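# Descriptive analysis of the structure
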Amino acid sequence: MIHFVACYCVLAGAIIVSTPQDIALMDVRRGVEMFKKVDIPVFGVVQNMNVFRCPSCGHETHIFGNNGAHRLAEEIKIDFLGDIPLDVSIQETCDTGRPIVVSQPTSSQSQDYAAIAHQVLMKLGYGDC
């Protein structure tokens, strides 16, 4: 689903977040076209819930497909900003009001968010943050 908030402000750009399955990727295509029509640059796409890592054994399962948003970004020539895993600790920490980047800043999940944020800051012109 595409969420677009109309406002009286200048948008620096858009970040599109998608799961890797084909049906969601159709919305990515539509979103990119919509932002192009209204002259809003697309900074890139983030792939959410790309992989589930079992907290007990570490086995990885691609519940929603594997790297669909990454492949689409390459195909339509927009930047791929990164992956966010399907991880219970992200959900649990958000539900307690202390997102994982606050409560577990050195975790691999927090590092995923930080890497995406760094790319966005670079696109906004904040240099090497």
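Note that the coordinates shown come from a computational prediction; the quantities given were computed from them, not determined experimentally.

A tally of helices and strands in the protein chain yields 5 helices and 4 strands. Its helices and strands taken in sequence order, the protein chain reads β-α-β-β-α-β-α-α-α from the N to the C terminus. What you see for the protein chain is a C-alpha radius of gyration of 16 Å, in line with the 14 Å of a compact globule of 129 residues. Across its three principal axes, the protein chain shows a C-alpha extent of roughly 45 × 30 × 25 Å. Per-residue burial for the protein chain yields a buried fraction of 31% across its 129 residues. For the protein chain, the share of sequence-separated contacts (at least 6 apart) that also reach a separation of at least 24 residues comes to 63%. Split by element, the accessible area of the protein chain, about 8200 Å² in all, is 58% carbon and sulfur. Separation between the mean location of the 9 positive side-chain charges and that of the 14 negative ones in the protein chain comes to 6 Å.

Right, let's get into unusual backbone geometry. The backbone phi angle of M49 is positive, close to 60°, even though this residue is not glycine. Of note, M49 is situated in strand β2 (residues 42-53). What makes M49 partly exposed here is its relative accessible area of 24%. Phi angles above zero are rare outside glycine, and K77 is one such case at about 60°. Following the sequence through the fold, K77 ends up in the loop between α2 (68-76) and β4 (80-86).

Turning our eyes to something else, we now look at the packing of helix α1 (residues 22-37) against α2. In the contact formed by α1 and α2, the axes pass within 10 Å of each other and the chain directions differ by 35°. In this structure, α1 crosses over α2, and the sense of that crossing is right-handed. The residues of α2 that touch α1, namely those facing L25, V28, R29 and V32, are G68, A69, L72, E75 and I76. A breakdown of the residues in the contact of α1 with α2 according to their chemical character gives 6 nonpolar, 1 polar and 2 charged.

Where strand β1 (residues 14-18) lies against β2, 5 bridges are found, and the strand directions are parallel. From the neighbouring strand, I15 faces β2, where its bridge partner is G44. Handedness of the crossover is the feature at issue here: the chain leaves β1, passes through α1, returns alongside β2, and the resulting connection is right-handed. Pairing of β2 with β4 involves 5 bridges; the strand directions are parallel.

Cut-offs used in this document
- Residues numbered from 1 in each chain as written.
- Predicted model: local features only at pLDDT ≥ 70, side-chain atom pairs only at ≥ 80, totals over all residues.
- Heavy atoms only, no water.
- Helix = DSSP H or I, 4+ residues; strand = E, 2+ residues; numbered from the N terminus.
- Rg over C-alpha atoms; globule rule 2.2 N^0.38 Å.
- Buried < 20%, exposed > 50% of the residue type's maximum accessible area, 1.4 Å probe, protein only.
- Contact = heavy atoms within 4.5 Å.
- Areas by Shrake-Rupley, 256 points an atom, 1.4 Å probe, with all protein chains shown as cover.
- Lys, Arg positive; Asp, Glu negative; His and termini not counted.
- Charge placed at Lys NZ, Arg CZ, Asp CG, Glu CD.
- Axes fitted to C-alpha atoms, helices over the stretch in contact; angles between N-to-C directions.
- Left-handed = near helix turned anticlockwise from the far one by under 90°.
- Nonpolar A, V, L, I, M, F, W, Y, C, P; charged D, E, K, R; others polar.
- Pairing = 2+ DSSP bridges.
- Right-handed = clockwise from strand over helix to strand, strands pointing away.

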